[in-house]
Amino acid sequence: MEYRSTGMIRPIDKMGRVVIPKEMREYLGLTEDGDKFEIYLEGKTILLRKFQPKCIFCGEFADSIELNDIVVCKNCVDKLREIKEQSPEG
Ligand SMILES: [Zn+2]
């Protein structure tokens, strides 16, 4: 992976908080209050990535549905539906 400098330098406060520039938040799609990012560490480099919950069955990010803090993708929802339709008790 090659890192590209954004040229943005931001101070860190006593609580360890850093303000992520608005344009970066918008670029990552982090625009709602409470949106989360996941923190990765590579050597001494911190990487921030928009947090996307994974499907508990297949690990995919795409088109997921969240229900009671459990994330299931639409493919797995369809599979579950098929299993339910095939079961004798319906
Ligand atoms: Zn899935």
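What counts, and at which threshold
Residues numbered from 1 in each chain as written. Predicted model: local features only at pLDDT ≥ 70, side-chain atom pairs only at ≥ 80, totals over all residues. Helix = DSSP H or I, 4+ residues; strand = E, 2+ residues; numbered from the N terminus. Rg over C-alpha atoms; globule rule 2.2 N^0.38 Å. Buried ≥ 20, exposed ≤ 12 C-beta atoms within 10 Å, placed from the backbone. Pairing = 2+ DSSP bridges. Expected span 1.5 Å × (residues − 1). Domains from an automatic or database assignment.

(A) Expanded view of the overall build of the protein chain. Scanning the protein chain for helices and strands turns up two helices and four strands. For the protein chain, whose C-alpha radius of gyration is 19 Å, the value lies well above the compact-globule estimate of 12 Å for 90 residues. In terms of overall dimensions, the protein chain has C-alpha extents of about 60 × 30 × 20 Å along its principal axes. When burial is assessed residue by residue, the protein chain has 3% of its 90 residues classed as buried.

(B) How the structure looks around the pairing of strand 1 (residues 37-42). Within strand 1, only zero of the six residues are buried, which leaves it mostly out in the open. Pairing between strand 1 and strand 2 (residues 45-50): six bridges, direction antiparallel. When the sheet's bridge partners are listed, Ile39 is paired in strand 2 with Leu48. Counted along the chain from strand 1 to the antiparallel partner strand 2, the turn is two residues long, and its residue Gly43 has a positive phi close to 60 degrees.

(C) Representation of helix 2 (residues 74-86) in the model. The terminal C-alpha atoms of helix 2, which comprises 13 residues, lie 18 Å apart, in line with the 18 Å expected from a rise of 1.5 Å per residue. A small share of helix 2 lies buried, amounting to zero of its 13 residues.

(D) Broad picture of the environment of Asp13. Its location among the elements puts Asp13 in the segment before helix 1 (22-28). With 9 C-beta atoms counted inside 10 Å, the residue Asp13 sits in the exposed group. With 36 residues separating them in the primary sequence, Asp13 and Arg49 have C-alpha atoms 21 Å apart.

(E) Layout of the pairing of strand 3 (residues 64-67). Bridge count between strand 3 and strand 4 (residues 70-73): four bridges; the pairing is antiparallel. Paired with Ser64 across the bridge in strand 4 is Cys73. Counting the residues that bridge the hairpin from strand 3 to strand 4 gives two residues, and of these Asn68 lies at a positive phi of roughly 50 degrees.

(F) Broad picture of the domain arrangement of the protein chain. Domain boundaries in the protein chain define domain 1 (1-51) and domain 2 (53-90). One C-alpha centre belongs to domain 1, the other to domain 2; they are set 31 Å apart.

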